[in-house]
Amino acid sequence: MPLVVPGMTNASANDADNKQEWLTKLAGKKISESTSDVNTFAKKDLPSSHRVLKPNDAMTMDYRPDRLNVYVGEDDIVHDVNFG
């Protein structure tokens, strides 16, 4: 089944919808380099502008509304996402 990537807009009304859609797809899964299945999600299927952040990772503070931030725990499982 092909992946449908949520539309990206700068409208704040859609920001919450985009966040929830991505969180629904990613929560509880590990991010892998190339394979998607019931327990993993492939990086290649994330938006081109994304970053995966582990606890205590350094990150830039620049705000990019089209960038998906994927937050994983020590166990590499996704627990939150946001745009910015």
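Residues numbered from 1 in each chain as written. Predicted model: local features only at pLDDT ≥ 70, side-chain atom pairs only at ≥ 80, totals over all residues. Heavy atoms only, no water.

Relative to the assigned elements, serine 32 resides in strand E1 (residues 30-32). Residue classification places serine 32 among the buried positions, given a relative accessible area of 17%. From its side chain, serine 32 meets the backbone oxygen of threonine 35 in a polar contact 2.5 Å long. Every residue in contact with serine 32, bar those within four places of it in the chain, is listed here: Thr40, Phe41, Ala42 and Lys43. (Helix = DSSP H or I, 4+ residues; strand = E, 2+ residues; numbered from the N terminus. Buried < 20%, exposed > 50% of the residue type's maximum accessible area, 1.4 Å probe, protein only. Polar contact = N/O pair within 3.5 Å; in protein donor to acceptor, adjacent residues only side chain to side chain. Contact = heavy atoms within 4.5 Å.)

Enumeration according to the criterion identifies one aromatic pair in this entry. Seen in terms of ring centroids, tryptophan 22 and phenylalanine 41 are 6.1 Å apart; in terms of plane orientation they differ by 80°. Their pairing is edge-to-face. Here tryptophan 22 is found in helix H1 (residues 12-26), whereas its partner phenylalanine 41 is found in strand E2 (residues 40-42), with 19 residues between them in sequence. You'll find tryptophan 22 and phenylalanine 41 in the same group, each marked buried. (Phe/Tyr/Trp six-rings, centres within 6.5 Å; stacked < 30°, edge-to-face > 60°.)

Another point: the side chain of threonine 40. Relative to the assigned elements, threonine 40 resides in strand E2. Taking relative accessible area as the criterion, threonine 40 reaches 16% and is therefore assigned buried. At a separation of 3.2 Å, a polar atom in the side chain of threonine 40 contacts the main-chain carbonyl oxygen of threonine 35. If near-sequence neighbours (up to four positions away) are discounted, threonine 40 is found in contact with Lys29, Lys30, Ser32 and Thr35.

Next up on the list: the environment of serine 49. Checked against the element boundaries, serine 49 lands in the loop between E2 and strand E3 (50-53). Judged by relative accessible area, which is 11%, serine 49 ranks as buried. A sequence separation of 17 residues divides serine 49 from aspartate 66, and the C-alpha atoms of the two residues are 6.7 Å apart. What serine 49 contacts, discounting residues up to four positions off in sequence, is Arg64, Asp66, Arg67 and Leu68.

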